[in-house]
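Listed below, chain by chain, are the residues.
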Amino acid sequence: LESHKGKGLGMRFPGNKGYIDCLLNQLSREPPGPLPGGHAAGESLYFNGPSETLSTGDKVVHGQRGEVVGPATLESHKGKGLRMRFPGNEGNIDLYLKYLSREPPSVPEPPTIEITVLCPIEGEQKSVTFPMDPKLDTPFEVAAEMMEELGLSNDEPA
C-alpha cells in the first residue's frame with residue numbers, strides 16, 4: 001500500500017496466497033500477550049447476549065458460536081471485550097466479555113428491553129436503539145455503553 005511505504009513490511013501469512021502490507025507497529029518478534037478473559041485467538045466462544053442485527057447487516061445471534069480474532073479494537077470495548085468472527089458475517093464484531101462464554105447458553109434467549117435515545121450524530125438528531133438483557137445489564141450500564149459507543153461524554157446533552 002502507498003500509505004505503508006517506508007513504514008511497514010509486506011508479510012506472507014500461512015493460508016494466504018499473497019503478501020499483506022503491515023505497519024511496523026502492528027508487528028512484533030514476540031507473541032502477543034494474553035487476551036481479555038484468558039481467551040486465545042482461534043478459540044470458539046458462544047454469544048449469550050440478546051440477538052442483534054448491526055447497521056452493517058452483520059448479526060449476532062443468541063447461542064451462535066464464533067471465533068476469537070483478537071482483542072476488541074473499539075475504544076469502548078478495549079480491555080473489556082474481544083473481536084469475534086461469526087459465520088455469515090462480512091466483518092468482525094467487538095463484543096463485551098459478559099456476552100461470551102465457552103459453553104453454549106443453558107437457557108433460551110432472554111427477553112430484551114430496547115432502549116432508544118435521540119442523539120446528535122453527524123449533525124443530525126437520530127434515534128439509536130440498544131438491546132438490554134435484564135439479567136446481564138442494568139439501565140445505567142447500557143446508558144454508559146451507549147454514550148461511550150456514540151462518543152458522548154456524561155456532560156454533553158444528548
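Conventions adopted
Residues numbered from 1 in each chain as written. Predicted model: local features only at pLDDT ≥ 70, side-chain atom pairs only at ≥ 80, totals over all residues. Heavy atoms only, no water. Pairing = 2+ DSSP bridges. Helix = DSSP H or I, 4+ residues; strand = E, 2+ residues; numbered from the N terminus. 1 Å grid on protein atoms, 1.4 Å probe; cavity = no way out; pocket = protein on both sides within 12 Å on 5 of 7 lines; lining within 4 Å. Points joined across faces, edges and corners; volume = space filled by probe spheres on them. pLDDT = per-residue confidence, 0-100. Salt bridge = Lys/Arg side-chain N within 4 Å of Asp/Glu carboxyl O. Buried < 20%, exposed > 50% of the residue type's maximum accessible area, 1.4 Å probe, protein only. Core = buried A, V, L, I, M, F, W, Y, C linked by side-chain atoms within 4.5 Å. Phe/Tyr/Trp six-rings, centres within 6.5 Å; stacked < 30°, edge-to-face > 60°.

Colleague: What should I look at first to understand the sheet that holds strand S6 (residues 65-71) in this one?
Modeller: In any sheet, the strands associate via hydrogen bonds between backbone groups, in a parallel or an antiparallel arrangement. Judged by pairing direction, the sheet is antiparallel, and its five strands sit side by side in the order S8-S7-S6-S3-S9 without closing on themselves. Strands with a single pairing partner mark the edges of an open sheet, and in this sheet they are strand S8 (93-96) and strand S9 (100-101). Bridge count between strand S7 (residues 81-85) and S8: four bridges; the pairing is antiparallel. If you follow Leu82 over to S8, its bridge partner there is Leu95.

Colleague: Explanation requested: the layout of surface pockets in the structure shown.
Modeller: Gaps between atoms show up when a probe of the same size as a water molecule is rolled over them. In this structure, the second largest pocket encloses a volume near 260 Å³. Residue lining of the second largest pocket: Leu9, Phe13, Pro14, Asn16, Ile20, Cys22, Gln26, Leu27, Ser28, Arg29, Glu30 and Pro31, and that is the complete set.

Colleague: What is the right way to look at the confidence of the model for the chain in this model?
Modeller: In low-pLDDT regions, the fine details of the predicted coordinates are not to be read closely. Residue-level pLDDT values for the chain average 80, and 71% of them are 70 or greater. The lowest-confidence element of the chain is strand S11 (residues 124-132), averaging 60 in pLDDT; the highest-confidence one is strand S3 (residues 44-47), averaging 96.

Colleague: Help me out: how do you make sense of the pattern of salt bridges in this one?
Modeller: Between side chains of opposite charge, pairing is possible as soon as their charged atoms come close. Counted under the stated rule, the structure contains four salt bridges. The closest approach of N and O atoms between Glu75 and Lys78, which form a salt bridge, is 2.8 Å. Relative accessible area serves as the criterion here: at 62%, Glu75 is assigned to the exposed category. Of the charged contacts, one joins Arg83 and Asp94 as a salt bridge, the two residues approaching to 2.6 Å between their closest N and O atoms. In this pair, Arg83 is assigned in strand S7 and Asp94 in strand S8, connecting sequence segments 11 residues apart. Classification of Arg83 as partly exposed rests on a relative accessible area of 24%.

Colleague: What exactly am I supposed to notice about the nonpolar core here?
Modeller: A general tendency of soluble globular proteins is for nonpolar side chains to be buried together. If you look at the biggest cluster of nonpolar residues, it comprises 13 residues, and the most contacted ones within it are Leu82, Met84, Phe86 and Leu95. Elements represented by at least two residues in this core include exactly S3, S7 and S8. Broken down by element, the residue count for this core peaks at three residues, all from S8.

Colleague: Could you clarify how one ought to interpret the packing of aromatic side chains in this entry?
Modeller: The relative placement of two aromatic rings is captured by the distance of their centres and the angle of their planes. Under the counting rule described, the total for this entry stands at one aromatic pair. Seen in terms of ring centroids, Phe47 and Tyr99 are 6.1 Å apart; in terms of plane orientation they differ by 50°. Their pairing is tilted. On the criterion of sequence distance, the pair formed by Phe47 in strand S3 and Tyr99 in the loop between S8 and S9 is long-range, its members being 52 residues apart. Just as Phe47 is buried, Tyr99 falls in that class too.

Colleague: I'm lost on the environment of Asn25 in this one. Help?
Modeller: Note that Asn25 resides in the loop between strand S2 (19-23) and S3. Sequence spacing of Asn25 and Gly8 is 17 residues, and the spatial spacing of their C-alpha atoms is 8.1 Å.

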